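Given next are the chains, with one letter for each unit.
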Amino acid sequence: MEFYPLIEKSSISNIEKFQEQKLQELLRYLENNSPFYQRLFKESNINIVDIQGLDDLRKIPVTTKNDLQQYNHDFFCIPANEIVDYSTTSGTLGDPVTFGLSDPDLERLAYNEAISFACAGVQKGDVVQMITTIDKRFMAGLAYFLGLRKMGASVIRMGPGIPELQWDSIFRYKPKYLITVPSFLLKMIDYAEKYGLEYQNTSVYGAICIGESIKNQDFTDNILARKIKEKWNIKLFSTYASTEMSTAFTECEFQIGGHHHPELIITEILDEKGNLVKEGESGELVITTLGVEAMPLLRFKTGDIVKAYYEPCQCGRNTMRLGPVIGRKQQMIKYKGTTLYPPAMNDILNDFNNILCYQIIIQSNEIGLDEIIIKLSKGEENEFFENEIRDRFRAKLRVSPKIEIIDFDVLSKVVFNPNNRKPITFVDLRFPS
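This write-up is about the structure you can find in this document. Since we're looking at a predicted model, the values are computed, not measured.

## Examining the overall build of the protein
Logical step 1: Scanning the protein from terminus to terminus reveals 11 helices and 20 strands.
Logical step 2: Taking 433 residues into account, the globule formula puts the C-alpha radius of gyration at 22 Å, and the protein, at 22 Å, falls close to it.
Logical step 3: Taken along the three principal axes of its C-alpha coordinates, the protein extends 70 × 60 × 45 Å.
Logical step 4: Taken over 433 residues, the protein has a buried fraction of 53%.
Logical step 5: If you sum the accessible surface of the protein, you get close to 20400 Å²; carbon and sulfur atoms cover 48% of it.
Logical step 6: Side-chain charges of the protein comprise 50 positive and 58 negative groups, with the mean position of each set lying 2 Å from the other.

## Observations regarding the packing of aromatic side chains
Logical step 1: Evaluation of the coordinates by the stated rule reveals 15 aromatic pairs.
Logical step 2: Ring geometry for Tyr240 versus Phe249: centroids 6.0 Å apart, planes at 45°, classification tilted. A single burial state applies to Tyr240 and to Phe249, both of which are buried.
Logical step 3: One aromatic cluster in this structure is built from Phe36, Tyr37, Phe41, Tyr71 and Phe75.
Logical step 4: The cationic tip of Arg39 hangs over the ring face of Tyr71; the distance from NZ or CZ to the ring centre is 5.0 Å.
Logical step 5: Across the ring face of Tyr205, the terminal group of Lys176 is positioned such that the distance to the ring centre comes to 5.5 Å.

## Focus: the packing of helix H8 (residues 223–231) against helix H9 (residues 342–350)
Logical step 1: Packing of H8 against H9 leaves a shortest axis separation of 8 Å and a crossing angle of 35°. Here H8 contributes Ile223, Leu224 and Lys227 to the contact with H9, which in turn contributes Asp347, Ile348 and Asn350.

## Remarks on helix H10 (residues 385–397)
Each turn of an α-helix holds 3.6 residues, which means side chains three or four residues apart point in the same direction.
Logical step 1: For H10, spanning 13 residues, the distance from its first C-alpha to its last is 18 Å, which sits close to the expected 18 Å at 1.5 Å a residue.
Logical step 2: When we look at burial in H10, the residues that qualify are Phe385, Ile389, Arg390, Phe393 and Leu397. Down the axis of H10, the smallest arc covering the buried residues is 140°, so these residues share one side.
Logical step 3: Of the residues trailing H10, Arg398 is marked for its positive phi of about 65°.

## Structural notes on the pattern of salt bridges
Logical step 1: Inspection of the entire model under this criterion finds 17 salt bridges.
Logical step 2: We note a salt bridge from Asp221 to Lys229, for which the minimum N-O separation is 2.9 Å.
Logical step 3: Given the relative accessible area of 28%, Lys229 is considered partly exposed.
Logical step 4: Asp351 is paired through a salt bridge with Arg392; the nearest N and O atoms lie 3.0 Å apart. One end of the pair, Asp351, is in the loop between H9 and strand S17 (355–364); the other, Arg392, is in helix H10, with 41 residues separating them in the sequence.
Logical step 5: Assessed through its relative accessible area of 36%, Asp351 is described here as partly exposed.

## Describing the pairing of strand S8 (residues 247–250)
Logical step 1: Burial along S8 is two-sided: the face carrying Thr247 and Phe249 and the face carrying Ala248 and Thr250 are both buried.
Logical step 2: Relative to S8, strand S7 (residues 235–242) is paired through four bridges, and the arrangement is antiparallel. By the bridge assignment for S8, Tyr240 is matched with Phe249.
Logical step 3: Counting the residues that bridge the hairpin from S7 to S8 gives four residues, and of these Ser246 lies at a positive phi of roughly 50°.

## Here's the deal with the packing of helix H4 (residues 103–119) against helix H5 (residues 139–151)
Logical step 1: Put simply, H4 and H5 touch, their axes get as near as 7 Å, and they point 70° apart. In terms of axis orientation, H4 runs roughly perpendicular to H5. Facing H4, whose interface residues are Leu106, Glu107, Leu109, Ala110, Tyr111, Glu113, Ala114, Phe117 and Ala118, H5 presents Met139, Leu142, Ala143, Tyr144, Leu146, Gly147, Leu148, Lys150 and Met151.

## Some words on the environment of Ser400
Logical step 1: With respect to the helices, strands and loops of the structure, Ser400 is situated in the loop between H10 and strand S19 (402–405).
Logical step 2: A relative accessible area of 26% means that Ser400 is categorised as partly exposed.

## What to know about H4
Logical step 1: Given a rise of 1.5 Å per residue, 17 residues ought to cover 24 Å, and the 24 Å separating the end C-alpha atoms of H4 matches this to within 8%.
Logical step 2: Within H4, 14 of the 17 residues are buried, which leaves it mostly tucked inside the rest of the structure.
Logical step 3: Looking one or two places after H4, you find Gly121, whose phi comes out positive at around 105°.

## Let's talk about the environment of Gln52
Logical step 1: Following the sequence through the fold, Gln52 ends up in the loop between helix H2 (35–43) and helix H3 (65–70).
Logical step 2: Using a relative accessible area of 41% as the deciding quantity, one classes Gln52 as partly exposed.
Logical step 3: Sequence separation between Gln52 and Lys301 is 249 residues, and the spatial gap between their C-alpha atoms is 21 Å.
Logical step 4: For Gln52, the residues in contact, after removing those within four places along its chain, are Glu20 and Gln24.
Logical step 5: One polar contact links the side chain of Gln52 to the main-chain carbonyl oxygen of Val49, over a distance of 2.5 Å.

## With respect to the side chain of Thr88
Logical step 1: In this structure, Thr88 sits in strand S1 (residues 85–88).
Logical step 2: Not counting residues up to four positions away in its chain, the partners in contact with Thr88 are Pro96, Val97, Thr98, Arg137 and Thr243.

## Side note on unusual backbone geometry
Logical step 1: The phi angle at Ile162 is positive, at roughly 55°, despite the residue not being glycine.
Logical step 2: With respect to the helices, strands and loops of the structure, Ile162 is situated in the loop between strand S4 (154–157) and helix H6 (163–173).
Logical step 3: Even without being a glycine, Phe219 presents a positive backbone phi close to 75°.
Logical step 4: By the element assignment, Phe219 lies in the loop between strand S6 (206–209) and H8.

Reading the values: rules and limits
- Residues numbered from 1 in each chain as written.
- Predicted model: local features only at pLDDT ≥ 70, side-chain atom pairs only at ≥ 80, totals over all residues.
- Heavy atoms only, no water.
- Helix = DSSP H or I, 4+ residues; strand = E, 2+ residues; numbered from the N terminus.
- Rg over C-alpha atoms; globule rule 2.2 N^0.38 Å.
- Buried < 20%, exposed > 50% of the residue type's maximum accessible area, 1.4 Å probe, protein only.
- Areas by Shrake-Rupley, 256 points an atom, 1.4 Å probe, with all protein chains shown as cover.
- Lys, Arg positive; Asp, Glu negative; His and termini not counted.
- Charge placed at Lys NZ, Arg CZ, Asp CG, Glu CD.
- Phe/Tyr/Trp six-rings, centres within 6.5 Å; stacked < 30°, edge-to-face > 60°.
- Lys NZ or Arg CZ within 6 Å of the ring centre and 35° of its normal.
- Axes fitted to C-alpha atoms, helices over the stretch in contact; angles between N-to-C directions.
- Contact = heavy atoms within 4.5 Å.
- Expected span 1.5 Å × (residues − 1).
- Arc of directions from axis to C-beta.
- Salt bridge = Lys/Arg side-chain N within 4 Å of Asp/Glu carboxyl O.
- Pairing = 2+ DSSP bridges.
- Parallel < 35°, antiparallel > 145°, perpendicular 65-115°, else oblique.
- Polar contact = N/O pair within 3.5 Å; in protein donor to acceptor, adjacent residues only side chain to side chain.

Written as structure tokens, this is what we have:
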């Protein structure tokens, strides 16, 4: 079928040959059309004829988020009158970067989401409820809609928030899948239990989870996923994507990592020195987009620390799979000799039923050391609650953060900002934007 690409079930050697051909096409395109990469090739004395195989990629300097922010316009390869959509990154760690998409780019985006949803089991004719925004220049919501439309699924464009309306739509239109930030499912469950809705017996089979991790590094459910499934027996599918990639890595039914689409993207996983990590080791994901017309990227450093898995999957795909994101390189915290990332702290906080919402703040103190502050809102009173949280942090991560109790009405407006498509549970004040 169209949405089960044969290249993904080809041999590793055939996939590599295929990608090398696509890489050479990309290099010629960049040399002819990209002001940024034309300058990079010239300044680095790079002759693209010398870049034949995937191993030769290391002869080319990496591209960073700072490059995108500083030289945003120079990445455009087509004139402004050929741009049909403008999207921006969320700007979590700096000013937003503008991405333009041409008509073929939107078609590529639709194809990517169609094969990704098919990977998770969505089929033609299925009803899918989008609990995500499709406006405010976010690429993701538009991509989901285009992909579902392309594969022949029926779409309910609900947008984020408002549990009452989400349940009304579920009972009215009977969707099989939801697309949502997973933590919002807990809010929907709380609402259903409060008002006596029979949510366990709905049409919903599964949720495509975006924006937050639902898996441990061994692919078992993390605390957030377990809390959802303890209440609501539905399938949860993990995804990983970004605006810069215009590509998604989505789990199949066997749920052992997000599958790579070799026709859309080249991946490298590099250590601190820029060398490929050994199989089984974690490193920073570096991507090269294939088939993008308006703003292709070559060796772009995502900042995400990941681990790849290469053994064939039971679903028949031979493509590499990405495990859960360990953390963002720029969000790595050095705290009294301990290295940790926000997802590890999220797991601890998500395990407390009495926490209504929280936000982790990282800042530098007066002597330049990292300091962790956790702002949280709690339910019923418990005089030992703060000590319990500190004890859990000491036991799991060997750190003891500062804790500030904030009124829910105040903190929830910051965490669930309507201008963001996912909760703002982490704020890094160490790096000025």
